[in-house]
Amino acid sequence: NPTENIVVKRPWIDEPSGSVSFDEQGGIVLAVNPSVPQVVLTFNVPYGFDGVIKNLSCNVNFGGFVQFSGDLIWRLKQNGRPIKNYSNILAEKGTTQAPRVVSPIRIYSGDIITWEVEHPTNALLSGQIICSLGGYTYPSKGVS
């Protein structure tokens, strides 16, 4: 059978030739007003391209933050909706220098991906919040 040895590669698992990598980074100063979500980073997926987020980070650049305390909550969103398993992050993940590798998160042409942080408690915390996203985009099916 001539089709027996054909291997179909999925571009969200195996990075295809012609893909374009991205390494988006953003930072904000934590708001004084707790409980107001703040957008730290926005990434617009180019039209005509789908892609994959392969690594990410969310962390602080100040002292006094206690991991898992609930003082800060990070959320990764796709078109305003939380991405499953990334909607209630209570601890730092990676850094911009050494981002955390994650299972592929598929993103699609025209999507708006946002990292946001909420500061529901401990008004004494102040300083910089830093987030990043890394991965690649590739031409959507049928787009030349």
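Scroll up to find the structure this text is about.
To start, this report covers the structure provided alongside it. This is a predicted model, so every value here is computed, not measured.

1. Quick word on the side chain of Ser 19
- Within the secondary structure, Ser 19 is located in the segment before strand S1 (20-29).
- When near neighbours in sequence (up to four residues on either side) are disregarded, Ser 19 contacts Tyr 136, Thr 137 and Tyr 138.

2. Looking at the sheet that holds strand S4 (residues 73-78)
- On the basis of which strands lie adjacent, the open sheet formed by four strands has the order S2-S7-S4-S5 and antiparallel pairing. The open sheet has two free edges, formed respectively by strand S2 (38-44) and strand S5 (81-82), since each of these has just one partner strand.
- Here S2 runs beside strand S7 (residues 112-118); their pairing, made up of six bridges, is antiparallel. Each residue of the ladder has a partner; that of Leu 41, found in S7, is Trp 115.

3. Here we look at the sheet that holds S1
- An order of S1-S8-S3-S6 is seen for the four strands of this open sheet, with the pairing classed as antiparallel. Since the sheet does not close on itself, it has two edges, and those belong to S1 and strand S6 (100-107), each with one partner. Averaged over all pairs of adjacent strands, the angle between their axes in this sheet comes to 25°, without regard to strand direction.
- Note: strand S3 (residues 49-61) against S6, five bridges, orientation antiparallel. Bridge pairing in S6 links Gly 51 to Ile 107.

4. Observations regarding the nonpolar core
- Leu 72, Trp 74, Leu 76, Trp 115, Ile 129 and Leu 133 are the most contacted members of the largest nonpolar core, which has 29 residues in total.
- If you list the elements that add at least two residues to this core, you get S1, S2, S3, S4, S6, S7 and strand S8 (128-139).
- Setting aside chain neighbours within four positions, we find Leu 76 in contact with Leu 56, Arg 81, Pro 82, Ile 83, Tyr 86, Ile 105, Ile 113, Thr 114, Trp 115 and Leu 133.

5. Section: the pattern of salt bridges
- Counted according to the given criterion, the structure contains two salt bridges.
- Between Glu 118 and Arg 75 there is a salt bridge, with the nearest N and O atoms lying 2.8 Å from each other. Separated by 43 residues along the polypeptide, Glu 118 in strand S7 and Arg 75 in strand S4 bring together distant segments of the chain. Comparing Glu 118 with Arg 75, the two get one shared label, buried.

6. A look at the pairing of S3
- In terms of strand pairing, S3 meets S8 through twelve bridges, oriented antiparallel. Bridge pairing links Asn 61 to Gln 128 in S8.

Conventions adopted
- Residues numbered from 1 in each chain as written.
- Predicted model: local features only at pLDDT ≥ 70, side-chain atom pairs only at ≥ 80, totals over all residues.
- Heavy atoms only, no water.
- Helix = DSSP H or I, 4+ residues; strand = E, 2+ residues; numbered from the N terminus.
- Contact = heavy atoms within 4.5 Å.
- Pairing = 2+ DSSP bridges.
- Axes fitted to C-alpha atoms, helices over the stretch in contact; angles between N-to-C directions.
- Core = buried A, V, L, I, M, F, W, Y, C linked by side-chain atoms within 4.5 Å.
- Buried < 20%, exposed > 50% of the residue type's maximum accessible area, 1.4 Å probe, protein only.
- Salt bridge = Lys/Arg side-chain N within 4 Å of Asp/Glu carboxyl O.

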